Amino acid sequence: MQLWTDEIEAMRPEARAVVDAGMALVAEAFASDGEPPKDLLGQVQQMRRTFERTFAPLPEAIVRDIAGVSCRTFLPDGPASAVYVHFHGGGMVIGAPEMGDTGNLDLSRRFGMAVVSVGYRKAPEHPFPAGPDDGIAVVKWVIENGLAEYGSNRIIVGGESAGGYMAAAVALRMRDELNASDNLIGANLVFGVHDWGHSPSQRGVRVLDGPDLLTPEGMAMFGDCYLPGMSIEERRSPNVSPLFADLQNLCPAFMSVGTADHLLDDTLMLAPRWAAAGNGVELFVAPEMPHGFQAFPC
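Everything numeric in this text was worked out from a predicted model, so none of it was measured. (Residues numbered from 1 in each chain as written. Predicted model: local features only at pLDDT ≥ 70, side-chain atom pairs only at ≥ 80, totals over all residues. Heavy atoms only, no water.)

**Student:** Teacher, can you tell me more about the packing of aromatic side chains here?
**Tutor:** We describe a pair of aromatic rings using the distance from one ring centre to the other and the angle between the two ring planes. Under the definition given, this model contains 8 aromatic pairs. Here Phe-191 and Phe-293 contribute two aromatic rings whose centre-to-centre distance is 5.2 Å and whose plane-to-plane angle is 85 degrees, an arrangement assigned as edge-to-face. Taken as a pair, Phe-191 in the loop between strand S6 (184–190) and helix H7 (216–226) and Phe-293 in the segment after strand S8 (281–286) lie far apart in primary sequence, 102 residues in all. One exposure class covers both Phe-191 and Phe-293, and it is buried. Taking 5.1 Å as the distance between ring centres and 45 degrees as the angle between the ring planes, the aromatic pair formed by Trp-196 and Tyr-226 counts as tilted. Here the residue Trp-196 occupies a position in the loop between S6 and H7, and Tyr-226 occupies one in helix H7, the gap between them amounting to 30 residues. Of the two residues, Trp-196 and Tyr-226, neither departs from the other in class, the shared state being buried. (Phe/Tyr/Trp six-rings, centres within 6.5 Å; stacked < 30°, edge-to-face > 60°. Helix = DSSP H or I, 4+ residues; strand = E, 2+ residues; numbered from the N terminus. Buried < 20%, exposed > 50% of the residue type's maximum accessible area, 1.4 Å probe, protein only.)

Take a look at the structure:
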């Protein structure tokens, strides 16, 4: 089984060098101000303030409420070929739609899509299922209003990290709650969290001991915020962790992850299960690359 091409293998030294050089810059960008607070909510709020410094909002974004949820939208010239419903990352705890502005504007222009990036509620103030509830509400609105608003109600769901989880969870709820499998034409699942019960790589049992933006301790904290009081078995309920769900009658998916990512196993386990259930899958595994690999220029 070849997880990447010989061409990609030849880029491995470059990737390793770029990540080693860039990790210090990333750490500096995300360095917190002062000692972290003692309480969990205070720690989360400090993380949010630090993370927001890295945002680069674009003026092309249109901010509007959709189904009661604040969203950033990008519109093509003319009727949309589809609607890309995007979910930002951040462990269900931090992050915002502004994180995706540059990529979402590019997608809208390059493919003629409308892009709706969802500002879903976050934990610990709003634990499970608040985030996915917001996601499915926005998707339901797009199904009902997309033709009139954008020229299409064909939907691709996608996102990075927790956003990849959100996309998978919303895809399942589109099938099960909205009976809207025909509207869902694709999923873009970028290093998603698909096992909230902690896959081996989440626990630190990795195939490559390279630098990463995630740690087992950080993943544990995100899980405690998002799923407070839940046991490991409860966190692996199909309605919580997509890896354990019935994956039949879903859309084609593109899944991507790096070998140094603490979420590597989540994608490596989900992709063959998605395919075995009869859905199309394209899997891209990037050797040497950490979580958030799109931040590294190689």
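**Student:** Could you clarify how one ought to interpret the packing of helix H3 (residues 40–52) against H7 in this entry?
**Tutor:** Angle between the axes and distance between the axes are the two parameters that describe a pair of packed helices. Taken N-terminus to C-terminus, the directions of H3 and H7 make an angle of 115 degrees; their axes are 12 Å apart at the nearest point. As H3 runs across H7, the sense of the crossing is left-handed. Note on element contacts: H7 touches H3 through Met-221, Phe-222 and Cys-225, opposite Leu-40, Val-44 and Met-47. When its residues are assigned to classes, the contact of H3 with H7 shows 6 nonpolar, no polar and no charged. (Axes fitted to C-alpha atoms, helices over the stretch in contact; angles between N-to-C directions. Left-handed = near helix turned anticlockwise from the far one by under 90°. Contact = heavy atoms within 4.5 Å. Nonpolar A, V, L, I, M, F, W, Y, C, P; charged D, E, K, R; others polar.)

**Student:** How should the sheet that holds strand S2 (residues 69–74) be read in this particular structure?
**Tutor:** Strands belonging to one sheet form pairs held by backbone hydrogen bonds; the direction of such a pair is parallel or antiparallel. Strand order in this open sheet of 8 strands is S1-S2-S4-S3-S5-S6-S7-S8, and the pairing throughout is mixed. This sheet does not close on itself; its edge strands, each paired only once, are strand S1 (62–66) and S8. Averaged over neighbouring strand pairs, the angle between their axes works out to 20 degrees when direction is ignored. When strand S7 (residues 253–258) meets S8, the two strands line up parallel, connected through 6 bridges. The residue of S8 that forms the bridge with Met-255 is Leu-283. Taken strand by strand, helix H5 (residues 130–150) contacts S1, S2, strand S3 (83–87), strand S4 (114–118) and strand S5 (155–160), and its axis lies near 110 degrees from that of S1. Packed on one face of the sheet, helix H6 (residues 162–177) meets S3, S5 and S6 and runs near 150 degrees to S5. (Pairing = 2+ DSSP bridges.)

**Student:** Can you help me understand the pairing of S7 in this one?
**Tutor:** Working note: regular strand, side chains alternate between the two faces of the sheet. Among the 6 residues in S7, 5 count as buried, and that is most of the element. In this structure, S6 lies alongside S7, joined through 4 bridges in parallel fashion. Note that in S7 the partner of Ala-187 across the bridge is Ala-253. The handedness of the S7 to S8 crossover, carried by helix H9 (residues 264–276), is right-handed. (Right-handed = clockwise from strand over helix to strand, strands pointing away.)

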